[in-house]
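# Understanding the architecture of this molecule
What follows is each chain in one-letter form.
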Amino acid sequence: ATKLDACVKDAPRAAALQRKYFALTPSDHKYTPWVVVGGDLSKSSGSKLTEEVCKAYKGPAPAACAAEVLAKAGRVPADVQPCAAP
């Protein structure tokens, strides 16, 4: 068994960890994941998280943000190769 298996299968330890992190979670967090972007709770269910982060980011655009902009424009980033037709 791996260390992860040992931890998962140790019910008392798993319960103790859940209690510990429940106590550390602010009371206004009603679900997970609780994502904050630019100090505001993300309104995305995950589908637009990259877009939110890219919009809030103030530094030079990382590659993921450039790809996001191209995808929204319906274009494929230069480093993405299309699949060959069968």
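Residues numbered from 1 in each chain as written. Predicted model: local features only at pLDDT ≥ 70, side-chain atom pairs only at ≥ 80, totals over all residues. Heavy atoms only, no water.

Another point: the environment of Thr-2. Structurally, Thr-2 is set in the segment before helix 1 (3-8). Judged by relative accessible area, Thr-2 falls into the partly exposed class, the value being 45%. Reaching out from Thr-2, the side chain makes a polar contact with the backbone nitrogen of Asp-5 at a distance of 3.0 Å. (Helix = DSSP H or I, 4+ residues; strand = E, 2+ residues; numbered from the N terminus. Buried < 20%, exposed > 50% of the residue type's maximum accessible area, 1.4 Å probe, protein only. Polar contact = N/O pair within 3.5 Å; in protein donor to acceptor, adjacent residues only side chain to side chain.)

End to end, helix 2 (residues 11-24) covers 20 Å across 14 residues, agreeing with the expected 20 Å (1.5 Å per residue, within 8%). Of all 14 residues in helix 2, zero are buried, a share of ten percent or less. (Expected span 1.5 Å × (residues − 1).)

In this fold, Cys-54 is placed in helix 3 (residues 49-56). Assessed through its relative accessible area of 19%, Cys-54 is described here as buried. With 10 residues separating them in the primary sequence, Cys-54 and Ala-64 have C-alpha atoms 8.2 Å apart.

The next subject is the side chain of Ser-44. Along the chain, the position of Ser-44 falls in the loop between strand 2 (40-41) and helix 3. Side-chain polar atoms of Ser-44 contact the backbone nitrogen of Lys-48, separated by 2.9 Å. The contact partners of Ser-44, leaving out residues within four places of it in the chain, are Leu-49 and Glu-52. (Contact = heavy atoms within 4.5 Å.)

In this section: the state of the cysteines. What the rule picks out here adds up to one disulfide. Covalently, Cys-54 is tied to Cys-65 through a disulfide, its sulfur atoms 2.0 Å apart. Taking the sign of the S-S torsion, about -95° here, the bridge from Cys-54 to Cys-65 comes out left-handed. Taken together, the residues Cys-54 in helix 3 and Cys-65 in helix 4 (residues 63-72) connect sequence positions 11 residues apart. Both residues of the pair, Cys-54 and Cys-65, count as buried. (Disulfide = S-S within 2.5 Å.)

Of note, Thr-50 is situated in helix 3. When the C-alpha atoms of Thr-50 and Cys-65 are compared, they prove to be 7.2 Å apart, with 15 residues separating the residues in sequence.

On the surface, Leu-17, Tyr-21 and Leu-24 cluster together to form a nonpolar patch covering roughly 310 Å² of accessible area. Structurally, Leu-24 is set in helix 2. (Patch = residues over 30% accessible without salt bridge, like charges linked within 9 Å, V, L, I, M, F, W, Y side chains within 5 Å. Areas by Shrake-Rupley, 256 points an atom, 1.4 Å probe, with all protein chains shown as cover. Salt bridge = Lys/Arg side-chain N within 4 Å of Asp/Glu carboxyl O.)

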